[in-house]
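# Coordinate inspection notes
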Amino acid sequence: MSETRFPRLIFLFIRKQSETGASIVTGTRYVKGGGVHGWTLMRKLTSRGANVLAQTLLWPGVSDLTGSFRLYRKSVLEDVISSCVSKGYVFQMEMIVRASRKGYHIEEVPITFVDRVYGTSKLGGSEIVEYLKGLVYLLFTT
């Protein structure tokens, strides 16, 4: 599902939540039907590697920790966000890991992310270091 079709995704997310009773529905690039377009090979490897590393260390129960297209029940959002301390890229990962640890039911919907047309990614060396620090933090605090 292309990001240009996000309005349609909202209805898919709501339907998935309604059918499953999920507390959170999250878009994922890493299951059948999902993907990315317009990224360089290095960007794809970096994203996939970050998710595999997080999966291995944190066992969050979802395939895409760094995606940010999600539907939360209001009470769940309020509960989970109140326990988060991270900023930047790590925030998305912390939200889903803490929700998983609290026992919230999380479902996934495949999405296809299309790279931005304007602007550039902020992903660089300092963001990767912050991600790794956040990963270690979550490993020891969740």
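Please read these numbers as outputs of a predicted model, since none were measured by experiment.

### Description of the nonpolar core
Counting 20 residues, the largest nonpolar core has I24, A54, L58, L65, M93 and I96 as its most contacted members. Elements represented by at least two residues in this core include exactly helix 2 (41-58), helix 3 (74-81), helix 4 (89-101) and helix 5 (125-141). Per element, the largest residue contribution to this core is 6 residues, and it comes from helix 4. In this structure I24 touches L71, Y72, V76, I96, A99, H105, I106 and E107, once residues within four positions along its chain are discounted. Counting residues in each nonpolar core, the second largest holds 7 residues, with L12, A22, V25 and I111 among its members.

### Observations concerning the pattern of salt bridges
In this structure the tally under the stated criterion is 5 salt bridges. The salt bridge involving K102 is made with D79; its shortest N-O contact spans 3.2 Å. Of this pair, K102 sits in the loop between helix 4 and strand 4 (106-110) while D79 sits in helix 3, and the two are 23 residues apart along the sequence. Classification of K102 by relative accessible area gives partly exposed; the value is 40%. Residue R98 pairs with E94 through a salt bridge whose shortest N-O separation is 2.7 Å. Of this pair, R98 and E94 both sit in helix 4, 4 residues apart, which is roughly one turn of that helix.

### What to know about the sheet that holds strand 3 (residues 70-72)
Taken in spatial order, the 3 strands make up an open sheet running 3-1-4, and their pairing is mixed. The strands lining the two open edges of the sheet, one partner per strand, are strand 3 and strand 4. Averaged over all neighbouring strand pairs, the angle between strand axes comes to 15°, with direction disregarded. In terms of strand pairing, strand 1 (residues 24-28) meets strand 4 through 5 bridges, oriented parallel. Across the sheet, residue T26 finds its bridge partner in strand 4, namely E108. Here helix 4 sits on the sheet in contact with strand 1, strand 3 and strand 4, set at roughly 45° to strand 3.

### Regarding the confidence of the model for the protein
Summarising the model, the protein shows a mean pLDDT of 86, and 89% of its residues fall at 70 or more. Mean pLDDT across the elements of the protein bottoms out in strand 5 (residues 112-114) (82) and peaks in helix 3 (97).

### Thoughts on a nonpolar patch on the surface
Residues L53, L57, I128, L132, V136, L139 and F140 make up a contiguous nonpolar surface patch of roughly 600 Å² in combined accessible area. When residues of the nonpolar patch are traced back to their parent elements, those giving at least two are helix 2 and helix 5. In terms of residue count, helix 5 provides more of the nonpolar patch than any other element does, 5 residues in total. With respect to the helices, strands and loops of the structure, L139 is situated in helix 5.

Cut-offs and rules
- Residues numbered from 1 in each chain as written.
- Predicted model: local features only at pLDDT ≥ 70, side-chain atom pairs only at ≥ 80, totals over all residues.
- Heavy atoms only, no water.
- Core = buried A, V, L, I, M, F, W, Y, C linked by side-chain atoms within 4.5 Å.
- Buried < 20%, exposed > 50% of the residue type's maximum accessible area, 1.4 Å probe, protein only.
- Helix = DSSP H or I, 4+ residues; strand = E, 2+ residues; numbered from the N terminus.
- Contact = heavy atoms within 4.5 Å.
- Salt bridge = Lys/Arg side-chain N within 4 Å of Asp/Glu carboxyl O.
- Pairing = 2+ DSSP bridges.
- Axes fitted to C-alpha atoms, helices over the stretch in contact; angles between N-to-C directions.
- pLDDT = per-residue confidence, 0-100.
- Patch = residues over 30% accessible without salt bridge, like charges linked within 9 Å, V, L, I, M, F, W, Y side chains within 5 Å.
- Areas by Shrake-Rupley, 256 points an atom, 1.4 Å probe, with all protein chains shown as cover.

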